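# A look at the structure
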Amino acid sequence: MRLAFLGSPDFSVPTLRALHAAGHEIAAVYCQPPRPAGRGKHEARCPVHRLAEEELGLPVRAPARLRGNAGEHAFFAGLGLDAAVVVAYGLILPAPMLDAPRLGCFNIHASLLPRWRGAAPIHAALLAGDAETGVTIMRMDEGLDTGPILLQRAVPIGPRSRNPELHDVLAALGAEMALEALAADPPSSPQPAEGATTAPKLSKADGKLDWRQDAAFLDRKVRAFEPWPGTFFEHEGTAIRVLEAEPAPAPPPARAPAPPGTVLDGLPTVACGTGALRLLRLQRPGRAPMSAEEFLRGYALPPGTVLG
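Residues numbered from 1 in each chain as written. Predicted model: local features only at pLDDT ≥ 70, side-chain atom pairs only at ≥ 80, totals over all residues. Heavy atoms only, no water.

### Some details on the nonpolar core
The cut-off we apply is this: Grouping buried Ala, Val, Leu, Ile, Met, Phe, Trp, Tyr and Cys residues that are joined through side-chain atoms within 4.5 Å yields what is termed a nonpolar core. Burial status follows relative accessibility: with a 1.4 Å probe on protein chains alone, a residue under 20% of its type maximum counts as buried, one over 50% as exposed, and anything between as partly exposed. Strands are runs of DSSP state E lasting at least 2 residues, helices are runs of H or I lasting at least 4, and numbering of each runs from the N terminus. Residues count as neighbours in contact if any of their non-hydrogen atoms are within 4.5 Å of one another.
Judged by nonpolar contacts, the single largest core of 44 residues is most densely connected at Phe5, Leu16, Val29, Val48, Val85, Ile137 and Leu170. Sorting elements by how many residues they give to this core places helix H6 (residues 163-184) first, with 8 residues. Not counting the four nearest positions on each side in its chain, isoleucine 137 is found in contact with Asn107, Ile108, Pro148, Ile149, Leu150, Leu151, Gly174, Met177, Ala178 and Ala181. In terms of nonpolar packing, the next biggest core, distinct from the first, is built from 19 residues, Phe233, Ile240, Val242 and Leu279 among them.

Here it is, written out as structure tokens:
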């Protein structure tokens, strides 16, 4: 088929690679424009941009916006596409682009729709403690991940699953399912009205740990928010990243339970709203990640310290 591919982050890469390897004609690759990154704030291309240009030799377009961009709409319509495949692109496709391909636009979404529509479905499923997630392929409409479903496959979430591993499993599965959807043209079915939830875009501020919450929830948050936006607490004006943690065994009953955020021992274990969280790997700004034991040799958090 003659296709356009629209995607930006690492999650999109396996699908673009699979479509190209399968012999589909990729008429254009759309991705987010280069943005300043790193300490030097040099303009950096996203993973899909690099793959398309450096390895696959495909033409890339990176408009800053699509809404109201009549010139881009006309260019897209002029490509004479059979279909467009969209994977975590980052911009909403307006109606003129949705309607341009002969067979429509297909989206690979990392959840079992209608659960976790939106920008951060993997994070949301882990944070909620879901027993499973998966990949949905849908035919796109003008809503937010509301289009009819073509294919759907479930993936279990283990008790200690982390975002990076689940991300890679779902990205590979999405690539396989995209090829299947294009080859088989499966019938579509509308999404059920019940069970719809939303996974909004995250910011770095969302990663702050609120010690008033349950320790099991904070443990899931650490695993869900790795590597972005990451989780952190504050101590004496320093934001310290928590890279790995686990719920601590229940301490013996105390006459006066420690307030949430209190360091309970030298491991360190931190009191939460319910239970306690043991911090296993930490990182100070500008420093390398360290085990908690290594970290505490150079940064004191004695019992009784209250973390923000």
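### Some details on the pattern of salt bridges
Applicable threshold: A pair is scored as a salt bridge if a Lys or Arg side-chain nitrogen falls within 4 Å of a carboxyl oxygen belonging to Asp or Glu.
On inspection of all chains with the given rule, the structure shows 15 salt bridges. As a salt-bridge pair, glutamate 72 and arginine 61 come within 2.6 Å of each other at their nearest N and O atoms. A residue pair is termed long-range when its members are at least 10 positions apart, and glutamate 72 in helix H3 (residues 70-77) and arginine 61 in strand S5 (residues 60-61) qualify at 11 residues. A cluster of three or more residues bridged by salt bridges with shared partners is formed by Arg45, Glu53 and Glu54.

### With respect to the side chain of threonine 231
In this fold, threonine 231 is placed in strand S12 (residues 231-235). We classify threonine 231 as buried; its relative accessible area is 2%.

### Describing the packing of helix H1 (residues 13-21) against H6
How we decide: All axes are obtained by fitting lines to C-alpha atoms, using only the stretch in contact for helices, and the reported angles, taken between N-to-C directions, cover 0 to 180 degrees. For any helix crossing, the convention is left-handed if the near helix is rotated counterclockwise from the far helix by under a right angle, and right-handed if that rotation is clockwise. Throughout, the ten residues Ala, Val, Leu, Ile, Met, Phe, Trp, Tyr, Cys and Pro are labelled nonpolar, Asp, Glu, Lys and Arg are labelled charged, and all others, Gly among them, are labelled polar.
Between H1 and H6, whose axes approach to 8 Å, the crossing angle comes to 40°. Crossing of H1 against H6: the hand is right-handed. On the side of H1, the interface is formed by Pro14, Thr15, Ala18 and Leu19, while H6 contributes Ala171, Gly174, Ala175, Ala178, Leu179 and Leu182. The residue makeup of the contact of H1 with H6, split by class, is 8 nonpolar, 2 polar and no charged.

### Let's talk about helix H5 (residues 121-128)
Most of H5 sits out of view: 7 of its 8 residues are buried. Looking only at H5, the buried set comprises Pro121, Ile122, His123, Ala124, Ala125, Leu126 and Leu127. The inward-facing, buried residues of H5 abut strand S7 (105-109), strand S8 (117-118), strand S9 (132-139), H6, strand S11 (198-199) and helix H7 (215-224). Glycine 129 sits one or two positions beyond H5 and adopts a positive phi of about 75°.

### What to know about the pairing of S9
The condition is simple: Paired strands are those between which DSSP finds at least two bridges.
With 6 of 8 residues buried, S9 is to be regarded as a mostly interior element. Where S9 lies against strand S10 (residues 149-156), 7 bridges are found, and the strand directions are antiparallel. What sits directly across from glutamate 132, in S10, is proline 156.

### So, unusual backbone geometry
Note the cis peptide between glutamate 226 and proline 227, where omega equals -5°. Relative to the helices and strands, proline 227 resides in the loop between H7 and S12. Omega for the bond connecting leucine 267 with proline 268 falls within 30 degrees of zero, at -5°, which places this linkage in the cis form. Among the structural elements, proline 268 can be located in the loop between strand S13 (238-247) and strand S14 (269-271). In the Ramachandran plot, aspartate 145 falls in the positive-phi region, its phi being about 55° despite a non-glycine side chain. Phi at glutamate 236 is positive, roughly 50°, even though this residue is not glycine. Tracing the sequence through the fold places glutamate 236 in the loop between S12 and S13.

### Observations regarding the packing of H5 against H6
Using the following cut-off: Roughly parallel covers angles under 35 degrees, roughly antiparallel covers those over 145, roughly perpendicular covers 65 to 115, and oblique covers all other angles.
In the contact formed by H5 and H6, the axes pass within 10 Å of each other and the chain directions differ by 130°. It follows that H5 is oblique to H6 by the angle criterion. Between H5 and H6 the crossing geometry is right-handed. In this structure, H5 contributes Ile122, His123 and Leu126 to the contact, and H6 contributes Asn163, Leu166, His167 and Leu170. By residue class, the composition of the contact of H5 with H6 is 4 nonpolar, 3 polar and no charged.

### Comments concerning the environment of phenylalanine 232
Topologically, phenylalanine 232 is positioned in strand S12. When the C-alpha positions of phenylalanine 232 and isoleucine 122 are compared, they lie 19 Å apart, and in sequence the two are 110 residues distant. Ignoring anything within four residues of it in the chain, the contact list for phenylalanine 232 reads Lys204, Ala205, Gly207, Lys208, Leu209, Ala239, Ile240, Arg241 and Val242.

### Observations regarding the sheet that holds strand S1 (residues 2-7)
Backbone hydrogen bonds hold the strands of a sheet together, and the pairing may be parallel or antiparallel. Pairing is mixed in the open sheet, where 7 strands are placed in the order S5-S2-S1-S6-S7-S9-S10. Taken across any chain shown, the strands that pair with only one partner, and hence form the sheet edges, are S5 and S10. In this fold H3 packs onto S1, strand S2 (25-30), S5 and strand S6 (83-87), with an angle of close to 165° to the strand it touches most, S2.

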